[in-house]
Amino acid sequence: MMADPQGFLGDDTGRPSLSIVAAVADNGVIGRAKGLPWRLPADLAHFRRLTLDKTIVMGRKTWESLPGLLPRRRHLVLSRDARFQAEGCKVCDSLEAAIADAAGEPELMVVGGASLYAEAMPLTSLVYLTLVHTQAKGDTYFPEWDRSEWREVARIQRPADEGNPFDMTFVELRRLA
């Protein structure tokens, strides 16, 4: 595979590019009680478009919060417990192991949770954020990160409606070279 000039789609070693996908409230909340703090069909559709036909990597708690396998995605689940099994998923003991497992793929999508986002951020080329414009109640937060290392390349405003109770902004950020 030939890498793109800025390394956003993997590199010459076959190592995939890492991309983070997250929905974050104005106060940094991303989760509550082992689930999402909101029901936003427009964000779920956005997530689906971004991750469809790609490999996604997540922590064990994120996996356990899902209703099951997400169609048309290969699932890598991180767990330090060698006995942990997740039906239909490949279990990896580290982010590096997941990256190695995805060798040859152009992009590996990091989909949560908070500790995995923090670990992946220094290695990430792209960040896809859904900014959920509310002060959500929750117990899980997106990690602190240096926004000066990133350039916004896309922004779409999405107003609240009958099915989506909060305004949202879909933002794509690329790491500065």
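Residues numbered from 1 in each chain as written. Predicted model: local features only at pLDDT ≥ 70, side-chain atom pairs only at ≥ 80, totals over all residues. Heavy atoms only, no water.

Undergrad: Which parts of the structure should I look at to understand helix 1 (residues 41-51)?
TA: Spacing of three or four residues puts side chains on the same side of an α-helix, whose turn is 3.6 residues. For helix 1, the complete set of buried residues consists of Ala-42, Asp-43, His-46, Phe-47, Leu-50 and Thr-51. Looking down the long axis of helix 1, one finds its buried residues gathered within 160° of arc, a one-sided arrangement. (Buried < 20%, exposed > 50% of the residue type's maximum accessible area, 1.4 Å probe, protein only. Helix = DSSP H or I, 4+ residues; strand = E, 2+ residues; numbered from the N terminus. Arc of directions from axis to C-beta.)

Undergrad: Can you help me understand the side chain of Thr-51 in this one?
TA: With respect to the helices, strands and loops of the structure, Thr-51 is situated in helix 1. The class for Thr-51 is buried, based on a relative accessible area of 0%. Apart from the residues within four sequence positions on either side, Thr-51 is in contact with Val-21, Ile-56, Arg-73, Met-109 and Val-111. (Contact = heavy atoms within 4.5 Å.)

Undergrad: Explanation requested: the sheet that holds strand 10 (residues 168-175) in the structure shown.
TA: Within a beta sheet, neighbouring strands are joined by backbone hydrogen bonds and run either parallel or antiparallel to one another. Taken in spatial order, the eight strands of this open sheet run 5-4-3-6-1-7-10-9, and their pairing is mixed. If you trace the sheet from one side to the other, it starts and ends with strand 5 (90-92) and strand 9 (150-158), each paired once. Each strand of the sheet is rotated relative to its neighbour by a mean of 25°, with strand direction disregarded. Alignment of strand 4 (residues 74-78) against strand 5, held across three bridges, turns out to be parallel. Each residue of the ladder has a partner; that of Val-77, found in strand 5, is Val-91. Here helix 1 sits on the sheet in contact with strand 1 (17-25), strand 3 (55-59), strand 6 (107-110), strand 7 (124-132), strand 9 and strand 10, set at roughly 30° to strand 10. (Pairing = 2+ DSSP bridges. Axes fitted to C-alpha atoms, helices over the stretch in contact; angles between N-to-C directions.)

Undergrad: Got a minute to help me understand the layout of surface pockets in this structure?
TA: To find leftover empty space, a probe the size of one water molecule is rolled over the atoms. Taken as a whole, the largest pocket spans an internal volume of roughly 1300 Å³. Every residue lining the largest pocket is counted, 48 residues in all, and those nearest its centre are Lys-61, Thr-62, Val-111, Gly-112 and Gly-113. Mapped by element, the contributors of at least two residues to the lining of the largest pocket are strand 1, strand 2 (29-31), helix 1, strand 3, helix 2 (60-65), helix 4 (114-120) and strand 7. Roughly 180 Å³ of internal volume is contained in the second largest pocket. Listed by contribution, the elements that provide at least two residues to the lining of the second largest pocket are strand 1 and strand 7. With three residues, strand 7 is the single largest residue contributor to the lining of the second largest pocket. In the lining of the second largest pocket, the residues fall into eight nonpolar, two polar and three charged. (1 Å grid on protein atoms, 1.4 Å probe; cavity = no way out; pocket = protein on both sides within 12 Å on 5 of 7 lines; lining within 4 Å. Points joined across faces, edges and corners; volume = space filled by probe spheres on them. Nonpolar A, V, L, I, M, F, W, Y, C, P; charged D, E, K, R; others polar.)

Undergrad: Sorry, what's going on with the pattern of salt bridges here?
TA: Counted according to the given criterion, the structure contains 12 salt bridges. Residues Arg-15 and Glu-96 are paired through a salt bridge, measuring 3.1 Å at the closest nitrogen-oxygen approach. Here Arg-15 is found in the segment before strand 1, whereas its partner Glu-96 is found in helix 3 (residues 95-101), with 81 residues between them in sequence. The partner of Arg-158 in a salt bridge is Asp-161, with the nearest N and O atoms 2.8 Å apart. The partly exposed category is assigned to Arg-158, whose relative accessible area is 23%. (Salt bridge = Lys/Arg side-chain N within 4 Å of Asp/Glu carboxyl O.)

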